[in-house]
Structures are given as C-alpha cells and as structure tokens.
Amino acid sequence: MEIGQRIRELRKRKHLTLRQLAQKAKINYTYLSKIENGRLSHTPSVGTLRDLAWALDVDELELLQLANKLPAGFEHIAKSRDALRFFRRASQVISTDEVWKDLEKYLEERASE
C-alpha cells in the first residue's frame, strides 16, 4: 500500500474530512490532497509524517515505513507490534544513558547464554 492510500484510509476511518485532518496536522489541505492522491514528486517530510501520525493517532513508524523514511535498522522493529510496544515502554521508563547501557548489557548477557 502506498503512503497516500494509507493516510486516506486512516482519515476515513476517523471520519475526518481532508480539511479537518489538514487543520489537525497543521498542514495545507491542498498538500494533503496531493499526498493522498499520489500527486507529489517527492515523499512528505519526516515532520509532516509525524504530524499526520499524531493527528490520526497512529504509530509514526508505520507512516515513515510506507514513505521509505525509516532510519536503517528500524524496518524489523516497525513490523513487530511486540518490538514497538517494548521500545515505547522502555523510552517511557528509562531516563538515563546509564540505564540504557544496563539494558544493553543485560541483553548481551542473555544472548550469550
């Protein structure tokens, strides 16, 4: 599925008009129409995709993946609901670099068992 098709599907599922979604995401509705209809010569920016994900209440990684804007190495994470849930929870709970390092050490120890 292409990014524009997915955004339209999500917008309709939320019962939002093009103008309502554009206003909520703080983007021009004509630009949103071009995204949905695949009439852009480029993919939307990461910022625009994040704003649309927030406005549609969906995971931004899904839209970034469809637009081929995911950083290298994140594709497998974006495809796994369990991985997404883990990383979202970890980012809420872990507040220091030291705790991230402890988690990494723990995972390395588990991998070597």
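Residues numbered from 1 in each chain as written. Predicted model: local features only at pLDDT ≥ 70, side-chain atom pairs only at ≥ 80, totals over all residues. Heavy atoms only, no water.

Undergrad: Which residues make up the packing of aromatic side chains, and what values go with them?
TA: In this structure the tally under the stated criterion is one aromatic pair. Judged by centre distance (5.2 Å) and plane angle (85°), the rings of F86 and F87 are edge-to-face. Given a relative accessible area of 39%, F86 falls into the partly exposed group. Sitting above the plane of the Y29 ring, R19 keeps its charged end 3.7 Å from the centroid. (Phe/Tyr/Trp six-rings, centres within 6.5 Å; stacked < 30°, edge-to-face > 60°. Buried < 20%, exposed > 50% of the residue type's maximum accessible area, 1.4 Å probe, protein only. Lys NZ or Arg CZ within 6 Å of the ring centre and 35° of its normal.)

Undergrad: Outline the confidence of the model for the protein, listing residues and values.
TA: Mean pLDDT over the protein works out to 91, with 99% of the residues at or above the 70 mark. At the low end of the mean pLDDT range in the protein sits helix α6 (residues 75-78), at 80; at the high end sits helix α2 (residues 18-25), at 97. (pLDDT = per-residue confidence, 0-100. Helix = DSSP H or I, 4+ residues; strand = E, 2+ residues; numbered from the N terminus.)

Undergrad: Explain the nonpolar core residue by residue, including any values.
TA: I7, L21, L32, L52 and L63 are the most contacted members of the largest nonpolar core, which totals 24 residues. Sorting the residues of this core by element identifies α1 (3-13), α2, α3 (29-36), α4 (46-56), α5 (60-66), α6 and α7 (81-93) as the ones contributing at least two each. Residue contributions to this core peak at five residues, all from α4. When near neighbours in sequence (up to four residues on either side) are disregarded, I7 contacts L21, L32, I35, E36, L52, L56 and L63. (Core = buried A, V, L, I, M, F, W, Y, C linked by side-chain atoms within 4.5 Å. Contact = heavy atoms within 4.5 Å.)

Undergrad: Summarise the packing of α2 against α4; cite the residues concerned and give the values.
TA: Running from N to C, α2 and α4 point in directions that differ by 115°, and their axes come no closer than 8 Å. Relative to α4, the element α2 lies roughly perpendicular. Viewed along their axes, α2 and α4 form a crossing whose handedness is right-handed. Two secondary-structure elements touch here, α2 through L21, K24 and A25 and α4 through D51, L52, W54, A55 and L56. The residue inventory of the contact of α2 with α4, partitioned by class, reads six nonpolar, no polar and two charged. (Axes fitted to C-alpha atoms, helices over the stretch in contact; angles between N-to-C directions. Parallel < 35°, antiparallel > 145°, perpendicular 65-115°, else oblique. Left-handed = near helix turned anticlockwise from the far one by under 90°. Nonpolar A, V, L, I, M, F, W, Y, C, P; charged D, E, K, R; others polar.)

Undergrad: I'd like to hear about the pattern of salt bridges, residue by residue, with values.
TA: Enumeration over the complete set of coordinates arrives at nine salt bridges. When the shortest N-O distance is used, the salt bridge between E62 and R6 registers 2.4 Å. Taken together, the positions of E62 in helix α5 and R6 in helix α1 put the pair 56 residues apart, joining distant regions of the chain. By relative accessible area, R6 is classed as buried at 13%. Among the salt bridges present, the one from E60 reaches R50, with a minimum N-O distance of 3.3 Å. Pair noted here: E60 is in helix α5 and R50 is in helix α4, with a separation of ten residues, a long-range link. (Salt bridge = Lys/Arg side-chain N within 4 Å of Asp/Glu carboxyl O.)

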